Amino acid sequence: MGSPVLAMPEVDFGTDPLPDLYARFAALRDAGHRVVPVRYIGDTAWLVLRYGDVTDTFADEKRLPAADAYERTGVPAMGRILMAMRGEQHRASRALAGTAMLPGAIRRASEKMLVPVANGLIDAFGERRRLDLVAAYTQRYPFNIISNLLGVPIADEAKLVAWLGQIIRYQWDRQAAMDARAALDAYLLPLLAARRRNPGEDMISQLATAEIDGRRLDQEEILAFLRLLYPAGAETTFLTMSALMQEVLADRALYDRLMAHPKERAAAVEEAIRKHAPTTIMPRFAENAVTIGGVAIPAGSMILVSNGAANHDPDMFPEPERFRLDRGANPHATFGRGPHFCLGSHLAREELKVSLTLLLERLPGLRLAGDPIPATGAVVRGIRALPVLFDDVLPPMDYVDPNRKAT
């Protein structure tokens, strides 16, 4: 059998900026494709486009376990992260890491950490009335939260972010990723040793003292957790937050509606998570030949499961390019499905709700300083600058979720 004929061979879905990504997904879908071969980092991969096929593939750990893909795309640099674990090891490790990510824990963190950090970043705007909201807030906020959860000094955050930005690019630059891993580990190991000797309430201390099946986690198991938290728990949230704020500020009617009806802000958060998934494709690998959406995929193939395309499938989401607050449950595929459903989904939602409320309420006259900026990227997608203007900075405020039921 010869090589498959690539769809849209002029672009690489792993390296090109693709500002027109969703138009391309729509064109492939309109041509009748459910699964189609495309170029991905110079090789061939099979792109899964339709909502049902995407969610079924995410949940299919028997035929297409996530570990088979992450062994190739992440483990050499990241270590054995959760997505690269199987069976009982995955269950036990996920349960251990998930304790700090449960809804009740996130509500407590909101009062102790999420709201104060948000207020502190807004206070730091000082006398400025024009700034890049990404640099001043949306990027810094989720990274600050992860640093606080880990007990890592905020002053060291920039170099950690730089190292982790290289580590997650292992598929594109292997040597740079491995060099960054060595630098990150050299920074983390003294912290880990100190928390083993004198544990506190932070997540590194929890991991340093935790047990799975009667044994303590070893050094590499803990480091793998830590290498994952910043890219999975911070970068994705900052990209969604930036897109959410641009949506709201680019549409005066939407801005006015959210100001007048705070209960609808949760729906705005969920719609931003749907429309602006920060990772639009996630990898799987076919060790054996499989059929998805009626398309035969040969053994040894990389599969790109496009939660982004699924979120824009008109059969599931009418008018998918519109930002709508009336989608009800909004069963988007951004956080995946099955055993690898995103562990940090509760934290991400809370960070987005807190930030949307405090930025709108504390910055009267908040508006874009120019035209909306298109998102770029497919593996990691978003906008990385958001110039804004505002008229004043109001005093710090508390955040109370208007949708939370009284207990």
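The structure this text deals with has already been given above.
In short, a report on the structure.

Rules and cut-offs
- Residues numbered from 1 in each chain as written.
- Predicted model: local features only at pLDDT ≥ 70, side-chain atom pairs only at ≥ 80, totals over all residues.
- Heavy atoms only, no water.
- Helix = DSSP H or I, 4+ residues; strand = E, 2+ residues; numbered from the N terminus.
- Contact = heavy atoms within 4.5 Å.
- 1 Å grid on protein atoms, 1.4 Å probe; cavity = no way out; pocket = protein on both sides within 12 Å on 5 of 7 lines; lining within 4 Å.
- Points joined across faces, edges and corners; volume = space filled by probe spheres on them.
- Nonpolar A, V, L, I, M, F, W, Y, C, P; charged D, E, K, R; others polar.
- Pairing = 2+ DSSP bridges.
- Phe/Tyr/Trp six-rings, centres within 6.5 Å; stacked < 30°, edge-to-face > 60°.
- Buried < 20%, exposed > 50% of the residue type's maximum accessible area, 1.4 Å probe, protein only.

Notes on the environment of Asp185
- As for its placement among the helices and strands, Asp185 is situated in helix H10 (residues 174–197).
- Note: C-alpha distance between Asp185 and Leu223 (38 residues apart in sequence) is 7.2 Å.
- Ignoring anything within four residues of it in the chain, the contact list for Asp185 reads Leu223 and Arg227.

Details of empty space enclosed by the protein
- In this structure the tally under the stated criterion is three cavities of 30 Å³ or more.
- In this structure, the largest cavity is lined by Arg80, Ile81, Leu82, Met85, Ser93, Glu221, Ala224 and Phe225.
- Top element by residues in the lining of the largest cavity is helix H12 (residues 219–250). It accounts for three residues.
- Within the lining of the largest cavity, the residues separate by chemical class into five nonpolar, one polar and two charged.
- Of the pockets and cavities examined, the second largest cavity occupies roughly 50 Å³.
- Along the walls of the second largest cavity sit Pro262, Arg265, Ala266, Lys353, Thr357, Tyr399, Asp401, Pro402 and Asn403, which together make up its complete lining.
- Mapped by element, the contributors of at least two residues to the lining of the second largest cavity are helix H14 (265–275) and helix H16 (345–362).
- Split by residue class, the lining of the second largest cavity holds four nonpolar, two polar and three charged.

Here we look at the pairing of strand S2 (residues 43–48)
- Pairing of strand S1 (residues 35–40) with S2, which is carried by six bridges, proceeds in the antiparallel orientation. Bridging across to S2, Tyr40 finds its partner in Asp43.
- Hairpin geometry of S1 and S2 is characterised by an intervening segment of two residues between the two adjacent antiparallel strands and by a positive phi of about 50° at Ile41.
- For S2 and strand S9 (residues 301–305), the ladder comprises four bridges, and the chain directions are parallel. Looking at the pairing, Ala45 lines up with Met302 of S9.

Considering the packing of aromatic side chains
- Per the counting criterion, the structure on display carries seven aromatic pairs.
- Centroid distance Phe13 to Phe25: 6.4 Å. Interplanar angle 5°. Geometry classified as stacked. In this pair, Phe13 sits in the segment before helix H1 (21–30) while Phe25 sits in helix H1, placing the two residues 12 residues apart along the sequence. The same class applies to Phe13 and to Phe25, which are both buried.

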